[in-house]
There are 2 protein chains.
Amino acid sequence: MKFASRLERLQDKALLNAMELTETEDMISFAAGFPSSDTYPVEAIKNSFIQVLELEGKEALSYCSTSGHIKLRKLLAKRMQDRFKLDFKTEEIVITSGSQQALDMSGMLFINKDDVVLFETPSYLGAVNALRAYEAELVALPTDENGLTMDSLKQAMDRYGERVKLIYVIPDFQNPTGRSWSVARRTEFIEFISAYDVPVIEDAAYSELSFENKLESPLSFYDKKGQVVYVGTFSKIFCPGLRVAWLCARKDLMEKYLILKNAADLSSSAIAQRQMAYYLQNYDLDNHIKWIVGRYKERRDHMMEVIDREFPQETRYSVPRGGLFIWIELPENKDSRILLRRALVEKVVFMPGGSFYPSGVKNNEFRLNFSNMSHDEIEKGITILGKIIREYLSE
Amino acid sequence: MKFASRLERLQDKALLNAMELTETEDMISFAAGFPSSDTYPVEAIKNSFIQVLELEGKEALSYCSTSGHIKLRKLLAKRMQDRFKLDFKTEEIVITSGSQQALDMSGMLFINKDDVVLFETPSYLGAVNALRAYEAELVALPTDENGLTMDSLKQAMDRYGERVKLIYVIPDFQNPTGRSWSVARRTEFIEFISAYDVPVIEDAAYSELSFENKLESPLSFYDKKGQVVYVGTFSKIFCPGLRVAWLCARKDLMEKYLILKNAADLSSSAIAQRQMAYYLQNYDLDNHIKWIVGRYKERRDHMMEVIDREFPQETRYSVPRGGLFIWIELPENKDSRILLRRALVEKVVFMPGGSFYPSGVKNNEFRLNFSNMSHDEIEKGITILGKIIREYLSE
């Protein structure tokens, strides 16, 4: 059988493998970007499902509109206004089946084969996969402590010009490094890029997970041109099992997104959307987020403490001020994939760094997720990792 | 802004428009292929959600594996064996977010720009949209009362040869015509096509909705080569709001599908899958289907009766022996889109036939769904349609 040429570009199975392990027991997993299942408000969700099924059971079990449940979209418009002063209207929001689908749809909308997509480096491997599937040429731009470096962006726009069809960025508590863009970088970026007619995907998956209780204005807030497409999700602030996320785009763009959403899966789950709307109306999501952020901060602190104690001096890392990840750097001649193979034997798993490079792969780094494991598991797993790293570095 | 070239091929918004109307009130809709919301076992589903959240709440609200909840896949393997003697193993099944996603993934897997896909004509417009999005050349082959005509298939394989990368068919109670393939046609098709190395997508969405209580063996049953990819869904036999469907493919193909599923949306909803697994284990789906099939048969009978009474003699149609649709033919010089515009004014909606033509569009037909409206709505809506058709034909 013959396969589409895009298959050749989809060689990285790191994320698939991490997902496939979700139903495996006994594994200490620092791999995927999973929130802590201890934090899910199970009772409130159960009650919301009961209420939705009792009050609007037929509608909840039917197909939803392609754009998504209107009540949920209204609530999202209001919430984005309240939290981030974003002015997206209800009809500028489409509900997607997780933010991954929003990225897939963006590839579908903007990318022809060999078009250029600019990425931060390293960047989220799910986005890398989604855009590789459309046979984009992925160009990774350097980042510093304040975000995407402007010099590299200017050079890339000069070099690739009209071949650049999309820019993908995560300005808040970036996956995988945990870094956030400074306000100055945000405004500088928007000022520069507004001279071009290229869309920007702003992935805001971690934007509310600030350990310093400080929400930054999104790129979309500064965007006056309708150039930034904003992607939000409940996966990290509520739970991922419902697969409810949303994409915001201005009217003319949204019309096209809806055609693609319809072709991709007709609509997202009506019951999941109605459950979410019920929860937002009857519970306090902001307070829930405040609580989980407190827990994640504790876990970050604990993981940093064990890392400081157990990892050898040659490893480098910085303290993330939010999000779910710590990014670890080994000496340049070392390979985190070798480390992973050894860790798996001892039932510890993490994400090797190479997968996060859209281009110019480096293999001496890896990503640790700190949100998903208990204190005891962090203690045990990081201690095991520390031992393996020490052994590996001494070879 | 520049868009991908695939957007140019996605001009048909009939399905999108039908979906967008789902939250509109006061409309008598014979448009979309919706099951009857009266048939949803709301209490059983509510109880299943409660049980799942109480027994395995954390897992149900977490990410699922990309391949899907293993218990559900086991139950599906057994069910397909019991109902259709299909021998797909658990690991040959991936859960998808509705069967639309399975079609989208199939386009993604097999189609490069300008590859040929063979369709029955007319055929499901969601599949047409999904495969257009990959810029396939859609070639529509004639059908007769027994299914895809073998002569036209042979001619197409001769003419297009290795350019044919996919064949998409609905052998049971086809959408939009309601026709089924005969056993002879099924075996003849498989015998012929097994000489080629081309994959066949068998869309089995309606396979259990037989009004004569007669389940035909799927193409996959006759396929000894692993050439047929089987797509099943709960949307028509249970409810569509959960977005739970499944795709079966042999091992080497499945590995590739999983890469694409991961890139598309990481995984389908864990809670929806676990709810479905709980229902299958604790309730009698087969009995439920038997019951809804009885109701749909009544609605078909009622709609046929009103059509016979109200539609003018010049309209042609045949009685479907299962499924959800009646296909109506107007005289050749008439256009069902004109009819639709007039019907919408009177708050009646249906699907104009042109959307179901992958190529060589004909506009004098339209599709009526009979499952989704009550007896009273059928009476009222078909009577209105009859009046509009009589007026239109007399012009």
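Here the structure is a predicted model, which means the values were calculated and not measured. (Residues numbered from 1 in each chain as written. Chains lettered and ligands numbered in written order. Predicted model: local features only at pLDDT ≥ 70, side-chain atom pairs only at ≥ 80, totals over all residues.)

1. Digging into the overall build of chain A
Applicable threshold: By definition, any uninterrupted DSSP run of H or I lasting at least four residues is a helix, any uninterrupted run of E lasting at least two residues is a strand, and each is numbered from the N terminus. With the radius of gyration taken over C-alpha atoms, the globule rule is written as 2.2 Å times the number of residues to the power 0.38. With C-beta atoms placed from the backbone, the exposure class of a residue follows from how many other C-beta atoms lie within 10 Å of its own: 20 or more, buried; 12 or fewer, exposed; in between, partly exposed.
In terms of helices and strands, chain A carries 13 helices and 15 strands. For chain A, the C-alpha radius of gyration of 21 Å lies close to 21 Å, the compact-globule estimate for 395 residues. Out of the 395 residues belonging to chain A, those deemed buried represent 57%.

2. Notes on the domain arrangement of chain A
Many descriptions give the size of an interface as the accessible area lost when the pieces come together. All names here are of chain A. We count it as follows: The split of the chain into domains comes from an automatic or database domain assignment. Think of it this way: build a C-beta for each residue from its backbone, and any pair within 7 Å is a contact.
Domain boundaries assigned for chain A yield domain 1 (5–41 + 287–393) and domain 2 (42–282). A straight line from the C-alpha centre of domain 1 to that of domain 2 covers 24 Å. With 33 residues of domain 1 in contact, the opposing surface of domain 2 contributes 35 residues. Contributing elements (two or more residues each) for the side of domain 1 that touches domain 2: α1 (14–20), α11 (285–310) and β12 (325–329).

3. Section: the pairing of strand β4 (residues 137–141) of chain A
Looking along a regular strand, one sees the side chains alternate between the two faces of the sheet. Residue and element names in this part refer to chain A. Using the following cut-off: By definition, two strands form a pair when at least two bridges between them are found by DSSP. Crossovers are marked right-handed if the path from the first strand over the helix to the second runs clockwise, as seen with the strands pointing away from the viewer.
Within β4, 4 of the 5 residues are buried, leaving the element largely enclosed by the surrounding structure. Bridging between strand β3 (residues 116–120) and β4 involves 5 bridges; their strand directions are parallel. Directly across from Glu120, in β4, lies its bridge partner Leu141. For the segment spanning β3, helix α5 (residues 125–132) and β4, crossover handedness is right-handed.

4. A short note on the relation of the copies chain A and chain B
Worth spelling out the cut-off: What sets the superposition is a least-squares fit of C-alpha atoms, and only residues with pLDDT of at least 70 in both copies go into it.
Note on the copies: chain A fits chain B at an RMSD of 0.0 Å, the axial shift is 0.0 Å, and the rotation between them is 180°. The relationship between the two copies is best expressed as a two-fold rotation axis.

5. Observations concerning the interface of chain A and chain B
We count it as follows: Asp, Glu, Lys and Arg are counted as charged, while Ala, Val, Leu, Ile, Met, Phe, Trp, Tyr, Cys and Pro are counted as nonpolar; the rest, among them Gly, fall into the polar class.
Taken residue by residue, the interface counts 73 residues in chain A and 73 residues in chain B. When contributions to the side of chain A that touches chain B are tallied by element, the ones reaching two or more residues are α1, α2 (42–60), α4 (98–110), α5, α9 (251–265) and α10 (270–282) of chain A. Class assignment of the residues belonging to the side of chain A that touches chain B gives a composition of 40 nonpolar, 20 polar and 13 charged.

6. Observations concerning the sheet that holds β4(A)
Two pairing modes exist for strands in a sheet, parallel and antiparallel, and in both the strands are linked by backbone hydrogen bonds. Residue and element names in this part refer to chain A. Cut-off, in case you're wondering: The convention used is that axes are lines fitted to C-alpha atoms, helices contributing only their stretch in contact, and that angles between N-to-C directions extend from 0 to 180 degrees.
Spatially, β2-β10-β9-β8-β7-β3-β4 is the arrangement adopted by the 7 strands of the open sheet, whose pairing is mixed. Because the sheet does not close on itself, it has two edges, and the strands there are β2 (93–96) and β4. Along the sheet, successive strands turn relative to each other by an average axial angle of 20°, direction set aside. Lying over the sheet, helix α6 (residues 150–160) contacts β3, β4 and β7 (164–169), oriented at roughly 150° with respect to β4.

7. Side note on the pairing of strand β12 (residues 325–329) of chain B
Residue and element names in this part refer to chain B. By the criterion of burial, β12 is predominantly enclosed, with 4 of the 5 residues buried. In this sheet, strand β15 (residues 365–369) lies alongside β12 in antiparallel orientation, the contact comprising 5 bridges. Following the sheet pairing, Trp327 is matched in β15 by Arg367.

8. Section: the environment of A:Leu16
Examined against the element boundaries, A:Leu16 turns out to sit in helix α1. As a C-alpha pair, A:Leu16 and A:Ala32 span 16 residues in sequence and 9.9 Å in three-dimensional space. Beyond its immediate stretch of four places on either side in the chain, A:Leu16 contacts B:Thr66, B:Leu258, B:Ile259 and B:Asn262.

9. Some details on the environment of B:Met27
Residue and element names in this part refer to chain B. Relative to the helices and strands, Met27 resides in the loop between α1 (14–20) and β1 (28–29). Assessed through the 14 C-beta atoms surrounding it within 10 Å, Met27 is described here as partly exposed. In this structure the C-alpha to C-alpha distance between Met27 and Leu215, which are 188 residues apart in sequence, comes to 34 Å. Contact partners of Met27, with chain neighbours within four places excluded, come to Leu21, Lys347 and Val349.

10. Concerning the packing of helix α6 (residues 150–160) of chain B against helix α7 (residues 183–193) of chain B
All names here are of chain B. Just so we agree on the cut-off: Relative orientations are named as follows: roughly parallel for angles under 35 degrees, roughly antiparallel for angles over 145 degrees, roughly perpendicular for angles from 65 to 115 degrees, and oblique for any other angle. In this scheme the handedness of a crossing depends on how the near helix is turned from the far one: anticlockwise by less than a right angle means left-handed, clockwise means right-handed.
Contact pair α6 / α7: the axes reach a minimum separation of 11 Å and the direction vectors enclose 15°. Classified by the angle between their axes, α6 and α7 sit roughly parallel to one another. In this structure, α6 crosses over α7, and the sense of that crossing is right-handed. For the pair α6 and α7, contact is made by Met150, Leu153 and Lys154 and by Glu188, Phe189 and Phe192, respectively. Taken together, the residues of the contact of α6 with α7 break down into 4 nonpolar, no polar and 2 charged.

11. Looking at the sheet that holds strand β11 (residues 316–317) of chain A
One open sheet holds the 4 strands; their spatial order is β11-β12-β15-β14 (chain A), and the pairing between them is antiparallel. Edge strands, defined here as strands with exactly one partner in the open sheet, are β11 and β14 (351–352) of chain A.

12. Things to note about the environment of A:Trp246
All names here are of chain A. Take Trp246: it is sitting in strand β10 (residues 245–248). Separated by 153 residues in sequence, Trp246 and Ile93 place their C-alpha atoms 6.5 Å apart. Beyond its immediate chain neighbours, meaning those up to four positions away, Trp246 contacts Leu76, Ile93, Val94, Ile95, Thr96 and Gly232.

13. What to know about helix α12 (residues 336–345) of chain A
Along an α-helix, a turn takes 3.6 residues, which lines up residues three or four apart on a common side. Residue and element names in this part refer to chain A. Where we set the bar: For this quantity, the arc is that covered by the directions from the helix axis to the C-beta atoms.
Turning to α12, its buried residues are Ser336, Leu339 and Ala343. Across the axial projection of α12, the buried residues extend over an arc of 50°, all falling on one side. Residues Arg341 and Val345 are exposed on α12 and point more than 90 degrees away from its buried face. Buried residues along α12 sit in contact with β13 (348–349), β14, β15 (365–369) and α13 (375–393). At the exit of α12 stands Lys347, carrying a positive phi of roughly 65°.

14. Some points on unusual backbone geometry
Residues A:Thr121 and A:Pro122 are joined by a peptide bond in cis, for which omega reads -10°. When you line up the elements, A:Pro122 lands in the loop between β3 and α5. Look at the link from B:Asn175 to B:Pro176: it is a cis peptide, with omega at 20°. Inspection of the secondary structure puts B:Pro176 in the loop between β7 (164–169) and α7. In this structure, A:Leu266 is a non-glycine residue whose phi angle is positive, near 70°. Topologically, A:Leu266 is positioned in the loop between α9 and α10.

15. Describing the packing of α4(A) against α9(A)
Residue and element names in this part refer to chain A. Put simply, α4 and α9 touch, their axes get as near as 10 Å, and they point 115° apart. One finds that α4 runs roughly perpendicular with respect to α9. Crossing of α4 against α9: the hand is right-handed. Facing Gln101, Met105, Met108 and Leu109 of α4, the residues of α9 in contact are Lys256, Tyr257, Leu260, Lys261 and Ala264.

16. Observations concerning the confidence of the model for chain A
Interpretation of this model should avoid reading the predicted coordinates in detail wherever pLDDT is low. Short version of the rule: Every residue gets a pLDDT, meaning the predictor's confidence in that residue, from 0 to 100.
The pLDDT averaged across chain A works out to 94; a share of 99% of its residues lies at or above 70. Of the two predicted TM-score estimates for the complex, the pTM is 0.94 and the ipTM is 0.93.

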